[in-house]
Amino acid sequence: MGTAIVDKNKNYLNEKSGLWSWLTTLDHKRIGIMYMIAVMFFFLLGGIFAMLIRAELFKVGPTLFTSPQYNQVMTLHGAIMVFMVIIPGIPAFLGNFFLPIQLGAKDVAFPRINLLSWYCLIVGAAVVFWSLLHHGVDTGWTFYTPYSISTSNGTTWVVAGAFIIGFSSILTGLNFIATVHKLRAPGMNFWRMPLFVWALYSTAILQVLATPVLGITLLLLVAERVMGIGIFDAKLGGDPVLFQHFFWFYSHPAVYIMILPAMGVVSELIATFSRKTIFGYKAIALSSVGIAAVSFFVWGHHMFVSGQSEVAGIIFSFLTMLVGVPTAIKVFNWVATIYKGSVRFDTPMLYALGFLFLFTIGGVTGIILATIATDVHFHDTYFVVAHFHYVMVGGTLMAIMGGIYYWIPKMFGRMYNEYWARITFVLIFVGFNVTFFPQFVLGALGMPRRYFDYLPVYEPLNRISSVGAWTIGVGFLIGLFVIIQAIFKGEKAPENPWGGKTLEWQTASPPPHENFHNQPVVTAGPYEYR
Amino acid sequence: MAFDRSDLDLFIPLTLFGRLEEVLLGSSNHHVIPFRVYLNILLILLLFTVVTVVVSRIDFGAANAFIAMFIASIKAGLVLLYFMHLKYDDKLFPTVFFISIFFLLVMFAFSHLDIITRVLENNIL
Ligand SMILES: [Cu+2]
């Protein structure tokens, strides 16, 4: 298709200018950048709360806070990181930017709904923060009944905020499903889609199927608090454990909303930096869908000791083990891809390798927790805290960081500083293990989670853990600086600095307003290196 | 009971408003359903609404909820098939619909499994 005159200097960033043009934009790339800014801001807030938690736990006895204050800080850390950072992190930010480009489309299927979903996140977050003016919230991010029915008024606001943020997630998922089905470039069939798209597609199914259940559950919780309708309140004939069923019916699949996109990013990184056709493309693609499907049958593993029946516990324990199968398929295929590849150790690849290492530890410790007999001992200890941080931080955050460095040249047309980027990786990777590995030991020794104080025997390991946390903090701050420096002062990036094969590397850096100067036509798979 | 609320079923399709002509003349490339079909479905729904009301006055004991749900399901099914066009659309849409119903059933089934076995295990009733 011949376009008359193409101005090669115009791109999505300088197409229009002014704050208003951003706040009203329908361009998926600009909306992606707006998500990036929002998510980074929330991450900074959640990170500050994390640092405060580790400061409080640095030594025995009260340090910074009273115990009710500690409970609020812990709740905010969890709620912010889960609902505002990790869930929107990859799909809404990197996914928004790259899903349409990788499909060869001009935009997502519903650009206005895309913008609306960003506003849902912002409004929902504002409502959550509003709760701070109403005595804060101390339920933890899970809002378990019966406590959440009786505690402070702030809970209603946080729950309402999470409800609104849920719509952001649903709308993004809806948009991605429609985009994948309807807007693929000529020649782009399902088996030519990049694995990042497969991962986002599986995630979108989860977002659309599971998130409404969270919404309904949170509404029921508010109705219970405000009107006392008696669904969860045992005094009124309700069942508090039922809340956990409803909550985890969403929140276990939500774990995969968090990790599947990360696996997608890692698939891209490993293929590109090994310069080798990815091993087991179909297996990786379908295992994403497999993980999504299995994730709906395992939620009861969060309830082994909370009053659920033994029969249900046994069934859920068994079903949970099934998740290991598609997950291991992915890990083995990634390793097989690296094997005999021409591996380049640029920063994004370092993060991908970090992901492989940390996520595997997180996954294997998950098996220990999925086994009822051992979970009875480990539940509600720091072992659980360490496990899910290995998955969420060691997995998802590693992938986000890797993805950001990988795609900065494409998003902003500029390179980051490789030297400093590697230093941030080392700080984050080392700091992470120093923080969370001791927590496995602490948990095994019986230190309970969620308390603001502990017995003196646990002090040495807690000190190590706190020092590690501050190392991560420094790492992320430098990392943020490297990103900002790249955006404003970085060297000009070529179109394809890494030799990637997917479509985003075949357009300008940064891409033009509608992504491609000429409509791409796809004739081969996404990773055909050699 | 919330199950037998009939107002949800009395959904008036766009064809009854000003766009009747446009739809009948087939200006869009969608499958055109004759007006008579809509009217018949509407009458059937109204009939079932009467049935719902009549049945609600008779006490079937434990079967009350099942009967109410059964009638409501038929009504919902008709609305989905005809008014929401699932009968005529691309196969993808019914697939999506049934997948979501399936996962809803999964949620109910496992939650109930827990509640029922909890009662049995603890001998409480
Ligand atoms: Cu889970």
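Everything discussed here concerns the structure shown above.
This is a predicted model, so every value here is computed, not measured.

1. Digging into the overall build of chain A
1) Next: When helices and strands are counted, chain A shows 15 helices and zero strands.
2) Next: Based on the C-alpha atoms only, the size of chain A along its principal axes is roughly 75 × 45 × 45 Å.
3) Next: For chain A, the proportion of its 530 residues judged to be buried stands at 60%.
4) Next: Long-range pairs, those at least 24 residues apart, make up 82% of the contacts in chain A between residues at least 6 apart in sequence.
5) Next: Charge centroids of chain A, computed over 30 positive and 22 negative side chains, lie 10 Å from each other.

2. With respect to empty space enclosed by the protein
Residue and element names in this part refer to chain A.
1) Next: Per the counting criterion, the structure on display carries three cavities of 30 Å³ or more.
2) Next: Quantified by volume, the largest cavity comes out at close to 120 Å³.
3) Next: Surrounding the largest cavity, 16 residues form its lining, Phe-83, Ile-87, Pro-88, Ile-165 and Ser-169 being those nearest its centre.
4) Next: For the lining of the largest cavity, the element with the highest residue contribution is helix H6 (residues 154–182), accounting for six residues.
5) Next: Its residues assigned to classes, the lining of the largest cavity shows ten nonpolar, six polar and no charged.

3. Brief notes about the packing of aromatic side chains
1) Next: Counted according to the given criterion, the structure contains 56 aromatic pairs over all chains.
2) Next: With 5.2 Å between their ring centres and 35 degrees between their planes, Phe-316 of chain A and Phe-110 of chain B make a pair best called tilted. In this pair, Phe-316 of chain A sits in helix H10 (residues 310–338) while Phe-110 of chain B sits in helix H4 (residues 92–122), so the two residues belong to two different chains. With respect to burial, Phe-316 of chain A and Phe-110 of chain B carry one shared label: buried.

4. Describing the packing of helix H9 (residues 281–294) of chain A against H10 of chain A
Residue and element names in this part refer to chain A.
1) Next: Direction vectors running N to C along H9 and H10 enclose 160 degrees, while the axes themselves pass 9 Å from each other. In terms of axis orientation, H9 runs roughly antiparallel to H10. Crossing of H9 over H10 shows left-handed handedness. Side by side, H9 and H10 meet where Ala-283, Ile-284, Ser-287, Ser-288, Gly-290, Ile-291 and Val-294 of the first sit next to Leu-319, Leu-322, Val-323, Pro-326, Thr-327, Ile-329, Lys-330, Asn-333 and Trp-334 of the second.
2) Next: For the contact of H9 with H10, a count of residues per class yields ten nonpolar, five polar and one charged.

5. Topic: the coordination of the copper ion
Residue and element names in this part refer to chain A.
1) Next: For the copper ion, every protein donor is listed as His-252 (ND1), His-301 (NE2) and His-302 (NE2), and the spread of their distances is 1.8 to 2.0 Å.
2) Next: Read in sequence order, the donor residues for the copper ion give the motif H-x48-H-H. With His-252 in helix H8 (residues 240–274) and His-302 in the loop between H9 and H10, this pair connects stretches of sequence that are 50 residues apart.

6. Concerning the pattern of salt bridges
Oppositely charged side chains may form a pair once their charged atoms are brought near each other.
1) Next: Within the structure shown, the criterion is met by seven salt bridges over all chains.
2) Next: Close ionic contact of Asp-27 of chain A with Lys-29 of chain A constitutes a salt bridge, the shortest N to O distance being 3.2 Å.
3) Next: With a relative accessible area of 3%, Asp-27 of chain A lands in the buried category.
4) Next: For Asp-380 of chain A, the salt bridge is made with Arg-449 of chain A, and the minimal N-O distance between the two is 3.9 Å. Of the two residues, Asp-380 of chain A is situated in the loop between helix H12 (372–378) and helix H13 (382–412) and Arg-449 of chain A in the loop between helix H14 (418–444) and helix H15 (459–489); the sequence distance between them amounts to 69 residues.
5) Next: By relative accessible area, which is 40% here, Asp-380 of chain A ends up partly exposed.
6) Next: Relative accessible area serves as the criterion here: at 15%, Arg-449 of chain A is assigned to the buried category.
7) Next: What emerges from the salt-bridge pattern is a single network uniting Asp-239 of chain A together with Asp-114 and Arg-118 of chain B.

7. Here we look at the side chain of Thr-217 of chain A
All names here are of chain A.
1) Next: Inspection of the secondary structure puts Thr-217 in helix H7 (residues 195–227).
2) Next: Given a relative accessible area of 1%, Thr-217 falls into the buried group.
3) Next: In contact with Thr-217, other than residues within four places in its own chain, are Phe-232, Phe-243, Phe-246 and Phe-247.

So, how was this worked out
- Residues numbered from 1 in each chain as written.
- Chains lettered and ligands numbered in written order.
- Predicted model: local features only at pLDDT ≥ 70, side-chain atom pairs only at ≥ 80, totals over all residues.
- Heavy atoms only, no water.
- Helix = DSSP H or I, 4+ residues; strand = E, 2+ residues; numbered from the N terminus.
- Buried < 20%, exposed > 50% of the residue type's maximum accessible area, 1.4 Å probe, protein only.
- Contact = heavy atoms within 4.5 Å.
- Lys, Arg positive; Asp, Glu negative; His and termini not counted.
- Charge placed at Lys NZ, Arg CZ, Asp CG, Glu CD.
- 1 Å grid on protein atoms, 1.4 Å probe; cavity = no way out; pocket = protein on both sides within 12 Å on 5 of 7 lines; lining within 4 Å.
- Points joined across faces, edges and corners; volume = space filled by probe spheres on them.
- Nonpolar A, V, L, I, M, F, W, Y, C, P; charged D, E, K, R; others polar.
- Phe/Tyr/Trp six-rings, centres within 6.5 Å; stacked < 30°, edge-to-face > 60°.
- Axes fitted to C-alpha atoms, helices over the stretch in contact; angles between N-to-C directions.
- Parallel < 35°, antiparallel > 145°, perpendicular 65-115°, else oblique.
- Left-handed = near helix turned anticlockwise from the far one by under 90°.
- Donors = N, O, S within 2.8 Å, 3.2 Å for Na, K, Ca; no water.
- Salt bridge = Lys/Arg side-chain N within 4 Å of Asp/Glu carboxyl O.

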